[in-house]
Amino acid sequence: FKALKFNPTLLDKEKKTYGPVSIESQKVLLNGLIPYDLHELTLNNCQALTLPTLKTLRLQDLTHVSFTGCINVDSKMPTYFSEQCLGLIHLDLSRSPKLTYVAGGTLTSSPLLFPNLKKLVVNQCSQLNQINIQGDELLTLEAQENPNLMALKVQSPTLKTVDISNNPKLTDKTLEIEETA
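Residues numbered from 1 in each chain as written. Predicted model: local features only at pLDDT ≥ 70, side-chain atom pairs only at ≥ 80, totals over all residues. Heavy atoms only, no water.

(A) Focus on the pairing of strand β4 (residues 40-44). Here β4 lies mainly inside the structure; four of its five residues are buried. Where β4 lies against strand β5 (residues 64-68), five bridges are found, and the strand directions are parallel. Residue Asn44 lies in a different strand from β5, and its bridge partner there is Thr68. (Buried < 20%, exposed > 50% of the residue type's maximum accessible area, 1.4 Å probe, protein only. Helix = DSSP H or I, 4+ residues; strand = E, 2+ residues; numbered from the N terminus. Pairing = 2+ DSSP bridges.)

The structure is reproduced here in structure tokens:
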């Protein structure tokens, strides 16, 4: 395996409709990935994904992650990726209702370091209230429609695009973008 893209729905051939895959089936699929070195991992609406499950996978070569709508993605996952996946260049954690911050561990005043990340996407995360990241290669940050986002700090000498539209609690006083060398 080099890449996996999974949207946990099954086609019911009789009804010709899509329906959700059971959590047990999702767990079986995730456990089946354990022996493989993954480079790309896309999981949409996966209810079985948890940090303990993620820790069983071989992710050291991971470059692209997209976990959209995965209900168990929390603030520990970005920290895990920053520590374990040093080659990560694309991270999308959109529609993660348990994601409250993307920052340096429990010390949200410290930035989360991503040495090679080029794109971070955290759109429509209902509980997200803070982003504090540092990345020498970061080109794009998308943080749209996060109703509780109150603080944003980005440190990157390469940042080209920032989309922070529709974040009603974010103000000029809580927004800080630094070009660091």
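Read on for the rest.
(B) Fine view of the side chain of Ser66. With respect to the helices and strands, Ser66 occurs in strand β5. Relative accessible area serves as the criterion here: at 14%, Ser66 is assigned to the buried category. Non-local contacts of Ser66, meaning those with residues more than four positions away in its chain, are made with Leu41, Thr42, Leu43, Asn44 and Asp92. (Contact = heavy atoms within 4.5 Å.)

(C) Here's a closer look at the environment of Leu141. Residue position: Leu141 is located in strand β11 (residues 140-142). Taking the C-alpha atoms as reference points, Leu141 and Val154, separated by 13 residues in sequence, lie 8.8 Å from one another. Discounting chain neighbours no more than four positions away, the residues touching Leu141 are Leu120, Leu152, Val154, Leu159, Thr161, Val162 and Asp163.

(D) View of the packing of aromatic side chains. Tallied over the entire structure, the rule returns two aromatic pairs. Residues Phe67 and Phe81 carry aromatic rings whose centres are separated by 5.9 Å and whose planes lie at 50 degrees to one another, so their mutual orientation is tilted. Here Phe67, found in strand β5, pairs with Phe81, found in helix α3 (residues 76-84); they are 14 residues apart in sequence, far enough to count as distant. Take Phe67 and Phe81: they sit in the same class, and that class is buried. An aromatic cluster is built from Phe67, Tyr80 and Phe81, whose rings are joined through pairwise contacts. (Phe/Tyr/Trp six-rings, centres within 6.5 Å; stacked < 30°, edge-to-face > 60°.)

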